[in-house]
Structure formats: C-alpha cells, structure tokens
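Residues per chain are reported as follows:
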Amino acid sequence: MISCEEFLAEFGDYLENQISPEVRQELELHVSQCRACHVLYDSSRKTVKLVTESSSFELPESVSEPIIDRVMARLRTGRS
Amino acid sequence: MSFLGEVRLEEEFGPFAAFQEALGFVPNLLYAQTLLPRVIEAQAKLESAVRSQGGAISRVHKERILLSIAADRHDTYCVALESKVLSLLGMSEGQINDLLNDYHRADLPLADLALLQFCLKLSRYAPSMCSEDIEALRACGFEDELILEAVVLTALAVYRCTLSVGLGPEADFGPRKLAPTRIARPRDVALHIPSPGIHEAARNKGPYVPAPYLSSKTFGPFAIVQKSHGFIPNFFRAQTLRPDLLEAELEAVDRILLPEDVLTRVQKECILLAVSAANLNSYCVAMHCNLLRGLGMPSEEGDQIAVDHHESNLSESDKALLDFAVKLGTRVSEFSRKDVVKLQTLGFTEEQILECAVVTALNNFANTLQMGLGIQPDFEPPPDFENKVHLSGGAQPPIQAGGVVHLVDTLQDTEAGFVAQAQSGKLEAFEELARHHGQLIYRTLTAILGNPADAQDAMQDTLLSVYKHIDGFQGRSKFSTWLVSIARNTAFQRLRRGKHFESLDEAVCNEEQDFRPRQVKAWQDNPEELYSKSEMRQLVERGILALPANYRVVVMLRDIQQLSTDEVARQLGLSVPAVKTRLLRGRLMLREWLSPHFMTSVKGIAQ
C-alpha cells in the first residue's frame, strides 16, 4: 500500500476528481486502510461541497442595482 | 559535413562508445551534433533504452520498423543508415530491398505486419490514431507493454528523421533506391481513420494503455519532474508500464530542455508550443501554454503563439526561429540548408540552431507519443486554438462534444456583440455587461480586499475603470478574464492607499513545505443538516475571509464563483499547477477552520 505522504501528494487531484483509474484504486485502498487519511479525505470533500453550495458572497440586487445606476448616471452626465 | 560545424570529441565520449557497441559504428547524425555533447547524450539514452535487448519487440523487428518509417518519410539518410544496420544484423540485400519497395512482399508474419502498419500510421497520420488501432494489435496477441514500446519506437524514428532533415548529415553509406509509388498507398495505413461527424463521446479517447501507479517517492525520475514542472503531467504518468523507457525520456528532456546555456527556457518552450500547434496537438499546446505562463509569459501571448506566432509580441528574430522550427517540424520537404543560413544571417549561433533542431525533434517525438497513447489532457488548450483546429478540419476534435461547443460559441458571440457596441459608446450595452458580470467583479474584489463592505465600495470605481479602458480590450482573452484583471488592479490601488497592505504577489509563505493537516476528528455524516442555509453561508463566508489573501482569491474563484481551474489560472496569470497548490492549501485551511463546527461531537441547532 502507498504511504500517507504519497497519498497526500495525489490528494489535490483526488479531491478534484482528476486522476486515472489506476491511481484512484491506490488512493481508495489507502483511504480504506488509514483512518487519519480517511478523516482528512471525508472532511475535505464535505468542506468543498459545503463551500460550493453555500452561495456565499452573493451580491443582492438591492445592493448591485443602485451601484450600477450610479455608474450609469455618471457616464451619461459625463458624456453630455 | 552537415549544415553545422562539428568538433572532435574524445574517443571515450560515452555515447559514442555505446553506438560503437550497438551498431558497430557511430552514425554521422551524431557527429553533426558535436557542438552540444549533452544533446548527443540525450539521443543515446533514448536509443539505447529503445534498442535494449530486454524489450518486448525483437531487435531485428525494431530495426525493420525504423527502416520502413524512414522509407515512408523519404528520409534518404535514415534509409541508408537503417539498411546498413539490418545488413550487419544478417538480413539479406533482397529482404532489405523488399522492405524498401513494398513491405507486403517481405514475407512478414501477419502479426509483425500489423505492428509495422500501426507504426507507419502513427508516424504519418498521428492525429487519426484511435483505440481501434490498439485493439487491432491486441487482437494479434500483443501485450500492452509491447504496444507502448512500439509507440516509443515510432516516436524515436520521428525524432531521428526530424534531426536528419534539420542537420543534413552526410550519408554513412551509399544511398538506396526508394520506390516513390509505394508512399502513402491508402491500404497501408487507412485502417481506422475515424470519419468526421462520428459521435465523439462514443469513442474511447484514451489513454489506450493502462498505466500502473508510480509514486515520486519510489521512482526517482518522477521526483525530478515534480520539481521542474510542479506536478507529474499525464504524458509521463501514461507510460509507467515501462519505467525504463520513461527514465530515458526524462533524462533526454533534462539534457535538452532544462539547460539555459544556449537557447533560453522560454525560447525552447515557444518552439515546443509553435510546432505542437502546427501539428494540431492540443495536449502539447495546452501543456506548453501553461509552462510558459509559469515562466512569466502573459496567457494571451502564449495563446497567440498557438494560433499564429507572427501576430505575437515576440522579437522578429524569435519569430524567425519559430518559422525555422515549424518548417522543420511539419513541412520537411520544403526544408533546406537555406533555412539554416537564414537564421545565421539573423545572428543565431550554430549552437543555437542545433539546439532549435533538437528541440523540434524532441517535440515531434512527444507529439507522436501523445497521440499514439491517447494521453488525456492535463489542461484545457486555448479556446482560439481549438477553434482553429476545428475550422482547419483537423483530425483531432475539440474536447467538448459538438453541441456544447456550438452553444458556448453562440454565447461568446452574443457577448462579443455587446462588447463591440460598448466600445463604440453604446451605454445600454455596457450596462448589460456590467449586470451580467457584477457577481464576478464583486467576488474578485471581496477576495482581494478581504471585506465585503470595501468590495461594494470598490464596485463603482471598477465599473468606471472598465468603461474608461474598454477600448483597450482586444478580444485576445475572454472578456471576463479582462474584467478580473481590471477588478484586481482597482483593488490593489485601494490596498496601496489603505494601511493594511497584504501583498498577493509576495511568495506564498511556505509554498514548498507540505501542509500538515492538524485536525483529525471525523465530521458528521450530513453536515449540511446541522445549520440553516443562512447560518451555513455566514460560516463559510467567515472562514473564507479568514484565509490568507493568496488562497482566498483562488478558493473564491474556483469554489464560490465555480470557474474551472484553468480559467482561474488564466484570470490570475498563474500556471495551473500553482493554482492547484493554492486551491488545495486554501481548502485544507478552510477545513481546519470549519472543523469545530462539524465534528461528530458538535450538536448543530437543527438537531
């Protein structure tokens, strides 16, 4: 089985799902045998899922519209 | 004498001794490279690995394939050389002539014939290789290791033929007569040329040969690639069935590409990019665009070289260098000594011209190998390049299925229309663009400024700046990429004015060090059920704002704005590996920060 260090070297691509089937097999084997890496993988995957589904930093229209209106007003007066 | 000067090397120069032992003589092609002994070492490494007796294909059959490819490419130098090698191995004149005139008459066993045809197709029609070609070999009983060896052997033949054209060595032995009619008879090669219009998703696009996992901890050469590239490209990962060949390739790369004593690393990457583009090799184009970005070249410049280097900002002499390489790499029949003289009159030294020819040969080696193994891309190639390949009817289709490309094109066309209108002063079009991209601008500003209130404040300045400079947008990058660069500039100006200036360009602290996760407590099964939607959002936002700016920007664009890694790299002017490193660190830091709220011992209010 691969070592934790080797697992961590592939970890970023594993999270991004960008690995070949052969590498995936090695990593899955490691995760099934090593508790620390299992916890790391499981919680990292959950982190990414929570973050991507959180709709964080959405700019509400109530904020964006006045900004765009002010900009457009300045551009219109600047031109005439 | 060849096109370039030659110097005497000591008798015991290792590579020469190796050729002496393997062939009984040192070919003039090697003497033609004596100005740069390290490139001879590179070729010797490749040749001895491919020729090694331990390989899956017999020595005679390998030389037979090398001869046939040389004949097919009308390379008289290599034909004379390989004929001699075969006759030294005991092949009769009659057999050699049969091979040269029509290999169907050479009485080859069916399996050997299939392998030879495979190699000829790969050498000549690399972009049309497909999994059926591999299946045909498997049906003859060939193992995957042997198929991999055949691909590398073909790539070596292409390497040598490219070099012999570029260096013009004197023939080692008397010339051979070639039958011109034999060339490109369709039945030789047209086994499985995929028809255009075929449904792409239905085809197995590779990798064609399985590749067992090799770690950079146990396989030394991978550790070197990890250091020089920042990651292990699929190109190398796809060849792990034969670590011996892989090791020789990496040593060749090391000797040809990494030294900066003759041409610079950037010049060499430009050569690799331009010739790969001319060969319509999307994989290698994407790779070298990325490496150039990592060497500090703006992404638009790399993209432009891929589409047409004449329109790039390179110096006139560097453009001439690329002209030389592209001609040598793709239109050998037009290449002559005149092309060498032209570079000399522009002030290039003989060493530089030699290195340029060797880099071009190495490029064709890599292009052939990639297509022969169907190696999957590490990165997306520049969209403009993909369009060009598509328009030129290139055999290699864009990565997405046809319908998707079409839709994206339409959307981009609509946007291009709005941009053009805004550039001609139509405010309504500008307003539409501002609305459409407001979210992206806001998130970029928030990530850099580290504060949503400041970001809202900076929105107005950014939009005014976009309008002021919109004529400067030339359509060489995506409009959104350009917007992000304006937003970044605006944010940086603001930071410089303010007190707490957190530099983004500062080397990321400890980027080299491995990030050691500390938190090892397990998380609950359904963390999203622990908090309400708005609580969750607040938690994530606080966690992201707590990240160092470098990581914050990457996580924001990738995970919140959900751009692809490649797009994030373009927008921030970073290489993809650099983005990947920061993304992983950022995510792991975020995980540490969020852990106390999601561990199994925590009771969320939803419970």
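Residues numbered from 1 in each chain as written. Chains lettered and ligands numbered in written order. Predicted model: local features only at pLDDT ≥ 70, side-chain atom pairs only at ≥ 80, totals over all residues. Heavy atoms only, no water.

Attention now goes to the overall build of chain A. Regarding its fold elements, chain A presents four helices and zero strands. In chain A, the succession of α and β elements from N to C terminus is α-α-α-α. Computed over its C-alpha atoms, the radius of gyration of chain A comes to 23 Å, more than 25% above the 12 Å expected for a compact globule of 80 residues. Taken along its principal axes, the extent of the C-alpha atoms in chain A is 70 × 20 × 20 Å. Here chain A, with 80 residues, has 48% of them falling under the buried criterion. For chain A, the share of sequence-separated contacts (at least 6 apart) that also reach a separation of at least 24 residues comes to 59%. Counting every atom, chain A has about 4,100 Å² of accessible surface; 49% of that belongs to carbon and sulfur. (Helix = DSSP H or I, 4+ residues; strand = E, 2+ residues; numbered from the N terminus. Rg over C-alpha atoms; globule rule 2.2 N^0.38 Å. Buried < 20%, exposed > 50% of the residue type's maximum accessible area, 1.4 Å probe, protein only. Contact = heavy atoms within 4.5 Å. Areas by Shrake-Rupley, 256 points an atom, 1.4 Å probe, with all protein chains shown as cover.)

Moving on to the overall build of chain B. Within chain B, the secondary structure is distributed over 28 helices and zero strands. Looking at chain B as a whole, 56% of its 607 residues qualify as buried. For chain B, long-range pairs separated by at least 24 residues make up 75% of all intrachain contacts whose partners lie at least 6 apart in sequence. Carbon and sulfur atoms form 52% of the exposed surface of chain B, whose accessible area is close to 25,500 Å².

The next subject is the layout of surface pockets. Unfilled space is identified by rolling a water-sized probe across the atoms. All names here are of chain B. Considered as a void within the structure, the second largest pocket measures approximately 540 Å³ in volume. Around the second largest pocket sit 24 residues that line it, and Arg73, Ser123, Arg124, Asn279 and Gly329 are the ones nearest its centre. Only helix 7 (110-124), helix 9 (144-167), helix 17 (316-330) and helix 19 (350-373) provide two or more residues apiece to the lining of the second largest pocket. Broken down by element, the residue count for the lining of the second largest pocket peaks at four residues, all from helix 19. Here the residues of the lining of the second largest pocket sort into ten nonpolar, ten polar and four charged. (1 Å grid on protein atoms, 1.4 Å probe; cavity = no way out; pocket = protein on both sides within 12 Å on 5 of 7 lines; lining within 4 Å. Points joined across faces, edges and corners; volume = space filled by probe spheres on them. Nonpolar A, V, L, I, M, F, W, Y, C, P; charged D, E, K, R; others polar.)

Okay, the interface of chain A and chain B next. On the side of chain B, 58 residues touch chain A, which itself brings 46 residues to the contact. Summing both sides of the interface, chain A and chain B together bury roughly 4,900 Å²; the carbon and sulfur share of this comes to 63%. A salt bridge links arginine 435 of chain B to glutamate 65 of chain A, with the nearest nitrogen and oxygen atoms 2.7 Å apart. Where chain A packs against chain B, one counts 19 residue pairs in polar contact (both at pLDDT 80 or more). If you list the elements that add at least two residues to the side of chain A that touches chain B, you get helix 1 (4-15), helix 2 (21-33), helix 3 (35-52) and helix 4 (61-79) of chain A. Considering every element that reaches the side of chain A that touches chain B, the biggest residue donor is helix 3 of chain A, with 13 residues. Grouping the constituent residues of the side of chain A that touches chain B by class yields 18 nonpolar, nine polar and 19 charged. (Buried area = accessible area lost by both parts, 1.4 Å probe. Salt bridge = Lys/Arg side-chain N within 4 Å of Asp/Glu carboxyl O. Polar contact = N/O pair within 3.5 Å; in protein donor to acceptor, adjacent residues only side chain to side chain.)

Here the focus is the pattern of salt bridges. Residues and elements named next belong to chain B. Per the counting criterion, the structure on display carries 44 salt bridges over all chains. We note a salt bridge from lysine 268 to glutamate 355, for which the minimum N-O separation is 2.8 Å. Of the two residues, lysine 268 sits in helix 14 (residues 265-278) while glutamate 355 sits in helix 19, which places them 87 residues apart along the sequence. Across the pair, exposure class does not vary: lysine 268 and glutamate 355 are buried alike. We note a salt bridge from arginine 331 to glutamate 334, for which the minimum N-O separation is 3.0 Å. Using a relative accessible area of 45% as the deciding quantity, one classes glutamate 334 as partly exposed. Look at the salt bridges and you will find they share partners, linking Glu47, Arg51, Arg59, Glu63, Glu82 and Arg160 into a network.

Residue and element names in this part refer to chain B. Along helix 11 (residues 220-229), the residues that are buried comprise Pro221, Phe222, Val225 and His229. Angular distribution of buried residues about the axis of helix 11 spans 100°; they occupy a single face of the element. In helix 11, the exposed positions angled more than 90 degrees off the buried face are occupied by Ile224 and Lys227. Buried-residue contacts for helix 11 involve helix 12 (234-237), helix 13 (243-256), helix 15 (282-294) and helix 28 (576-598). Looking one or two residues past helix 11, glycine 230 carries a phi angle of roughly 85°, positive in sign. (Arc of directions from axis to C-beta.)

For the rest of this paragraph, the subject is the environment of alanine 361 of chain B. All names here are of chain B. By secondary structure assignment, the location of alanine 361 is in helix 19. Exposure remark for alanine 361: the relative accessible area of 0% places this residue in the buried category. As a C-alpha pair, alanine 361 and leucine 163 span 198 residues in sequence and 5.8 Å in three-dimensional space.

One finds Tyr159, Ile256, Ile271, Phe430, Leu445 and Phe598 of chain B to be the most contacted residues of the largest nonpolar core, which totals 205 residues. Looking at which element gives the most residues to this core, the answer is helix 9 of chain B, with 14 residues. Apart from residues lying up to four places away in sequence, tyrosine 159 of chain B is in contact with Gln43, Leu46, Ile256, Val358, Ala361, Leu362 and Phe365 of chain B. By size, the runner-up hydrophobic cluster in this structure holds 17 residues, among which are Ile2, Tyr14, Val23 and Cys37 of chain A. (Core = buried A, V, L, I, M, F, W, Y, C linked by side-chain atoms within 4.5 Å.)

As a further point, take the confidence of the model for chain B. All names here are of chain B. Across chain B, the average pLDDT comes to 86, with 87% of residues at 70 or higher. In this model, residues 503-512 is a region of pLDDT below 50 whose contacts with residues beyond four sequence positions or in other chains number 15 contacts. For this predicted complex, the interface confidence score (ipTM) comes to 0.95, while the overall pTM stands at 0.82. (pLDDT = per-residue confidence, 0-100.)

With that settled, consider the side chain of serine 83 of chain B. All names here are of chain B. Here serine 83 lies in helix 5 (residues 76-88). Look at serine 83 and you get buried, because its relative accessible area is 0%. Setting aside residues up to four positions removed in sequence, serine 83 forms contacts with Leu67, Ile96, Leu100 and Arg176.

The subject of this paragraph is the packing of helix 3 of chain A against helix 28 of chain B. Look at helix 3 of chain A against helix 28 of chain B: their axes get within 9 Å of each other, and the N-to-C directions meet at 95°. Considering their axes alone, helix 3 of chain A and helix 28 of chain B lie roughly perpendicular with respect to each other. Taking contact as the criterion, the partners of Val39, Leu40, Ser43, Ser44, Thr47, Val48, Leu50 and Val51 of chain A in helix 3 of chain A are, on helix 28 of chain B, Arg587, Leu588, Leu590, Arg591, Leu594 and Phe598 of chain B. For the contact of helix 3 of chain A with helix 28 of chain B, the class distribution of residues is nine nonpolar, three polar and two charged. (Axes fitted to C-alpha atoms, helices over the stretch in contact; angles between N-to-C directions. Parallel < 35°, antiparallel > 145°, perpendicular 65-115°, else oblique.)

Quick look at empty space enclosed by the protein now. Residues and elements named next belong to chain B. Scanning the model with the defined rule gives six cavities of 30 Å³ or more in all. Roughly 300 Å³ of internal volume is contained in the largest cavity. Contributing to the lining of the largest cavity are 22 residues, with Phe235, Phe236, Val253, His288 and Ala366 lying nearest its centre. Listed by contribution, the elements that provide at least two residues to the lining of the largest cavity are helix 12, helix 13, helix 14, helix 15 and helix 19.

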